[in-house]
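Chain by chain, the residues run as shown.
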Amino acid sequence: MKICVMPGDGIGKEIIGQALRVLAKVTEKFGTGFEIEEALIGGSAIDATGGPLPDATVRLCQAADAVLLGAVGGPKWDTIDPAIRPERGLLGIRKALGLFANLRPASLFPELKHACYLRPDIVAKGIDLLVVRELTGGAYFGTPKGVEVRDGERVGFNNMIYAEHEIRRIAKVGFEAARKRRKKLCSVDKANVLDVSRLWREIVLEVAQDYPDIELSHMYVDNAAMQLVRDPSQFDVIVTENLFGDILSDEASVITGSIGMLPSASLGEKNPGLFEPIHGSAPDIAGQDKANPLATILSVAMMLRYSAGDMDQQAAAIEAAVQKTLSQGYRTGDIREEGCKLVGCVAMGDAVLANM
């Protein structure tokens, strides 16, 4: 498996370093071979080449089987031209790879239940869901859009638009993801109000005919937002369009109370997927061995599960090692609890490796 690794900025090099150690352990334990190539992105790319996404990085990513990213951005580049800010590199590589599906799990390890913002009786039911968000369509990308003057006042407008093939392909990702989990898929829309949502629901129902083993349900987005805080245990996989997915995935991730623990994946049809932690570059702790590498390590597990096809066993071994490490009381500063062992980035990586 050929992997393009982009450490990026801030704590990126530290957390990616631990992820690479985990990959080496997977090779040792399972005999799985990995070919690693490193590429520049974000601020580090700006410093080296003048732009956040060099052509060489795009070529390496396109030739890989998967792409693993650390983090991009930092105050060092806050005052430069917005057109070449570090974040442009992330948007650019998503576009170059045709990544239309964002997969963001929100799972609460029992060992971190005290960090959850929800009531204890809700937490006791467990939180383990996956939001599948369409990434390249909807109101964020629809045209016409803009601001213009009508009858003497300014009017802003965006067009929420989806073609049938866009809905069909993201629905398929949702069904396939559910098949790898607990075989339940909830499609979130606003079909009682929006024409585009009515088409969304029709297409999802058509795709469902190819997945008779998956339990499909539908929910309006306002109800889904409420149900996520009322009883998140009812959800397995949620599939939804871009705007709704942006909001719901942030809601789902924050209720766990541990942003430093959450991985993500952005996938296309044929091109390599991009796997990264959802947290930022944390420049205030960069280079101090304080970063939490677990979200990146769990992103490696997602990479093996969703890119390699037959590496579920390897992915499960990584996830089990992370949970065992937490059960042993190891904590970085962001998830610190009284009575637990406060460790740094490298020591947390050491513990995960020992538990594999």
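I will try to describe carefully the structure that is included in this document. (Residues numbered from 1 in each chain as written. Predicted model: local features only at pLDDT ≥ 70, side-chain atom pairs only at ≥ 80, totals over all residues. Heavy atoms only, no water.)

## A few points about the overall build of the chain
Item 1. Along its length, the chain carries 12 helices and 14 strands.
Item 2. What you see for the chain is a C-alpha radius of gyration of 20 Å, in line with the 21 Å of a compact globule of 356 residues.
Item 3. Each of the three principal axes of the chain carries a C-alpha extent, and together these read 60 × 50 × 40 Å.
Item 4. The burial tally for the chain puts 51% of its 356 residues in the buried class. (Helix = DSSP H or I, 4+ residues; strand = E, 2+ residues; numbered from the N terminus. Rg over C-alpha atoms; globule rule 2.2 N^0.38 Å. Buried < 20%, exposed > 50% of the residue type's maximum accessible area, 1.4 Å probe, protein only.)

## Notes on the state of the cysteines
Item 1. Counted under the stated rule, the structure contains zero disulfides.
Item 2. You can see Cys 4 has no disulfide; the closest cysteine sulfur is in Cys 61, sitting 3.7 Å from it.
Item 3. Taking the relative accessible area as the measure of exposure, Cys 4 reaches 1% and is therefore buried. (Disulfide = S-S within 2.5 Å.)

## Topic: the packing of aromatic side chains
Item 1. Summed over all chains, the structure comprises two aromatic pairs.
Item 2. With centroids separated by 4.9 Å and ring planes inclined at 10°, the aromatic side chains of Phe 175 and Tyr 211 adopt a geometry described as stacked. Placement of the pair is Phe 175 in helix H6 (residues 164–179) and Tyr 211 in the loop between helix H7 (195–208) and strand S9 (215–220), with a sequence separation of 36 residues.
Item 3. Under the relative-accessibility criterion, Phe 175 is labelled buried at 0%.
Item 4. Its guanidinium or amino end placed over the ring of Phe 100, Arg 169 lies 4.1 Å from that ring's centre, counting from NZ or CZ.
Item 5. The ring centre of Tyr 330 lies 4.7 Å from the NZ or CZ of Lys 341, which sits over that ring. (Phe/Tyr/Trp six-rings, centres within 6.5 Å; stacked < 30°, edge-to-face > 60°. Lys NZ or Arg CZ within 6 Å of the ring centre and 35° of its normal.)

## Regarding helix H10 (residues 294–307)
Item 1. With 14 residues, H10 should cover 20 Å at 1.5 Å per step; its first-to-last C-alpha distance of 19 Å lies within 8% of that length.
Item 2. Burial runs high along H10: 12 of the 14 residues are buried.
Item 3. What H10 keeps buried is the set Leu 294, Ala 295, Thr 296, Ile 297, Leu 298, Ser 299, Val 300, Ala 301, Met 302, Met 303, Leu 304 and Arg 305. (Expected span 1.5 Å × (residues − 1).)

## So, the pattern of salt bridges
A side chain of one charge can pair with a side chain of the opposite charge when the charged atoms of the two come close.
Item 1. Scanning the entire structure with this criterion turns up 25 salt bridges.
Item 2. Here Arg 21 and Asp 350 are joined by a salt bridge, their closest N and O atoms 2.6 Å apart. You can see Arg 21 sitting in helix H1 (residues 12–30) and its partner Asp 350 sitting in helix H12 (residues 345–355), a full 329 residues away along the chain.
Item 3. With a relative accessible area of 29%, Arg 21 lands in the partly exposed category.
Item 4. Given a relative accessible area of 36%, Asp 350 falls into the partly exposed group.
Item 5. Asp 189 serves as the salt-bridge partner of Arg 201, at 2.9 Å between the closest nitrogen and oxygen. Residue Arg 201 is located in helix H7, and its partner Asp 189 is located in strand S8 (residues 184–189); the two are separated by 12 residues in the primary sequence.
Item 6. For Asp 189, a relative accessible area of 1% gives the class buried.
Item 7. One salt-bridge network, held together by shared partners, links Asp 128, Arg 181, Arg 182 and Asp 236. (Salt bridge = Lys/Arg side-chain N within 4 Å of Asp/Glu carboxyl O.)

## Notes on the pairing of strand S4 (residues 101–107)
Item 1. Of all seven residues that make up S4, six are buried, and the element is covered over most of its length.
Item 2. Two strands pair when backbone bridges link them, and S4 and strand S5 (residues 128–134) are joined in this way by seven bridges, in the antiparallel orientation. Bridge assignment links Pro 105 to a residue of S5, and that residue is Leu 130.
Item 3. Bridge analysis of S4 against strand S11 (residues 263–267) gives three bridges, and the strand direction is antiparallel. Residue Ala 101 lies in a different strand from S11, and its bridge partner there is Leu 267. (Pairing = 2+ DSSP bridges.)

## Re the sheet that holds S4
Item 1. Overall, mixed pairing links the 10 strands, which are arranged S2-S1-S3-S12-S11-S4-S5-S10-S8-S9 in an open sheet. Where the open sheet ends on each side, the last strands, each with one partner, are strand S2 (35–38) and S9. For this sheet, the mean angle separating the axes of adjacent strands, direction not counted, is 20°.
Item 2. Relative to the sheet, helix H3 (residues 55–63) contacts strand S1 (2–8), S2 and strand S3 (66–71), its axis offset from that of S1 by approximately 140°. (Axes fitted to C-alpha atoms, helices over the stretch in contact; angles between N-to-C directions. Contact = heavy atoms within 4.5 Å.)

## Focus on unusual backbone geometry
Item 1. In this model, Thr 143 is joined to Pro 144 through a cis peptide bond whose omega is 0°.
Item 2. Note on placement: Pro 144 falls in the loop between S5 and strand S6 (146–150).
Item 3. Positive phi, normally seen in glycine, also occurs at Lys 183, with a value near 65°.
Item 4. Residue placement: Lys 183 occurs in the loop between H6 and S8.

Interpretation note: all reported values are geometric properties and have no functional meaning in isolation.
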